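# Remarks on the overall topology
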Amino acid sequence: MRPEGEDARTDPVAARKRMVEVQLRSRGIEDERVLDAFASVPRHRFVEPAMRLSAYGDHALPIGEGQTISQPYMVAVMTQALRPKAEDRILEIGTGSGYQAAVLARLVRTVFTVERVPGLARRAQAIFAGLGIDNVIQRTGDGSLGWSRYAPFDGIVVTAGAPRIPESLREQLADGARLVIPVGTGAHQVLRVLERRGDRTVERTGEACTFVPLIGREAWREGSGS
Ligand code: SAM
């Protein structure tokens, strides 16, 4: 097998195809629309030029400001758990590099995304513009409170680890919508998937994961023991 970076440099399309088959399909990602989205979004455009050779590797990468672009498999697990449909309006908390939002933008009508760090929000905005992605609406601020102006959403995905499920996010789910969120302390997070059914929510616990902390009013306090 060729080294991980080689075909990202010479042939990003081949690198993506390999990522989809080896890292996603073989580990249980089976929604063909989701797999197609991962095969088409140029992940190497969301990392620093110096890291492009490892953009399609089976791991997270630093994106500056102490933050990361998540491992492709974890982005895929969360995307599939949302069960995205073409007409959906999805809220993402934690824009980061913009990669998850770009994947969702291929799958749904509109993506709303909130990032706490202004420099990262600006960087992602420039990448969306460069790629001609025009169905992502961005805001800089505390996403633990959701985005009430555009609620309710057909799905909400949180890409940072929360101490508990923020009540604001639960309230901003449309009937039948799902919230996908890592919950727990740094080393002991699990993915939780909630589905709103009328006045109640049903919940399942998914796989173990490791995300940077969600910092905000309904999340960790800055500098707290996340
Ligand atoms: N989805 C991103 C991607 O595709 O690159 C990965 C996100 S990174 C793992 C987590 C992001 O959540 C960081 O950029 C961090 O600044 C952001 N974040 C943390 N707390 C937040 C909050 N309360 N509201 C919005 N963003 C937050």
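Structure: above.
Described in the following lines is the structure provided in the data block.

Cut-offs applied
- Residues numbered from 1 in each chain as written.
- Predicted model: local features only at pLDDT ≥ 70, side-chain atom pairs only at ≥ 80, totals over all residues.
- Heavy atoms only, no water.
- Axes fitted to C-alpha atoms, helices over the stretch in contact; angles between N-to-C directions.
- Helix = DSSP H or I, 4+ residues; strand = E, 2+ residues; numbered from the N terminus.
- Left-handed = near helix turned anticlockwise from the far one by under 90°.
- Contact = heavy atoms within 4.5 Å.
- Nonpolar A, V, L, I, M, F, W, Y, C, P; charged D, E, K, R; others polar.
- Phe/Tyr/Trp six-rings, centres within 6.5 Å; stacked < 30°, edge-to-face > 60°.
- Buried < 20%, exposed > 50% of the residue type's maximum accessible area, 1.4 Å probe, protein only.
- Core = buried A, V, L, I, M, F, W, Y, C linked by side-chain atoms within 4.5 Å.
- Near = heavy atom within 4 Å.
- Polar contact = N/O pair within 3.5 Å; in protein donor to acceptor, adjacent residues only side chain to side chain.

Here we come to the packing of helix H4 (residues 72-82) against helix H5 (residues 99-107). Where H4 contacts H5, the axes come no closer than 11 Å and their chain directions differ by 35°. Where H4 crosses over H5, the handedness of that crossing is right-handed. Between H4 and H5, the residues in contact are Val75, Met78, Thr79 and Leu82 and Tyr99, Gln100, Val103, Leu104 and Leu107, respectively. Across the contact of H4 with H5, the residue classes break down as seven nonpolar, two polar and no charged.

Another aspect to go through is the packing of aromatic side chains. Two measures describe an aromatic ring pair: the distance that separates the ring centres and the angle between the ring planes. Taken as a whole and assessed by the stated rule, the structure comprises six aromatic pairs. Seen from their ring centres, Phe38 and Tyr99 are 6.1 Å apart, and the 75° between their planes marks the pair as edge-to-face. Separated by 61 residues along the polypeptide, Phe38 in helix H3 (residues 32-40) and Tyr99 in helix H5 bring together distant segments of the chain. Taken individually, Phe38 and Tyr99 each receive the classification buried, so the pair is uniform in this respect.

One recurring pattern in soluble globular proteins is that nonpolar side chains are buried together. Among the nonpolar cores identified, the biggest contains 47 residues, and Leu24, Ile29, Phe38, Phe46, Tyr99 and Val180 are the most heavily contacted of them. Elements with a minimum of two residues in this core: helix H2 (12-24), H3, strand E1 (61-64), H4, H5, helix H6 (118-131) and strand E8 (188-197). For this core, the element with the highest residue contribution is H4, accounting for eight residues. Apart from the residues lying within four places of it in its own chain, the contact partners of Leu24 are Met19, Ile29, Leu35, Phe38, Pro72, Tyr73 and Ala76.

Around the ligand sit 28 residues, and of these Glu92, Ser97, Glu115, Gly143 and Ile215 come closest. Within the contact set of the ligand, an oxygen atom lies 2.9 Å away from a backbone nitrogen or oxygen of Gln100. In the environment of the ligand, a nitrogen atom lies 2.6 Å from a nitrogen or oxygen atom belonging to the backbone of Ile215. Mapped by element, the contributors of at least two residues to the shell around the ligand are strand E2 (67-69), strand E3 (89-93), H5 and strand E4 (110-115). The element contributing the most residues to the shell around the ligand is E2, with three residues. Of the residues in the shell around the ligand, the class split is eleven nonpolar, 13 polar and four charged.

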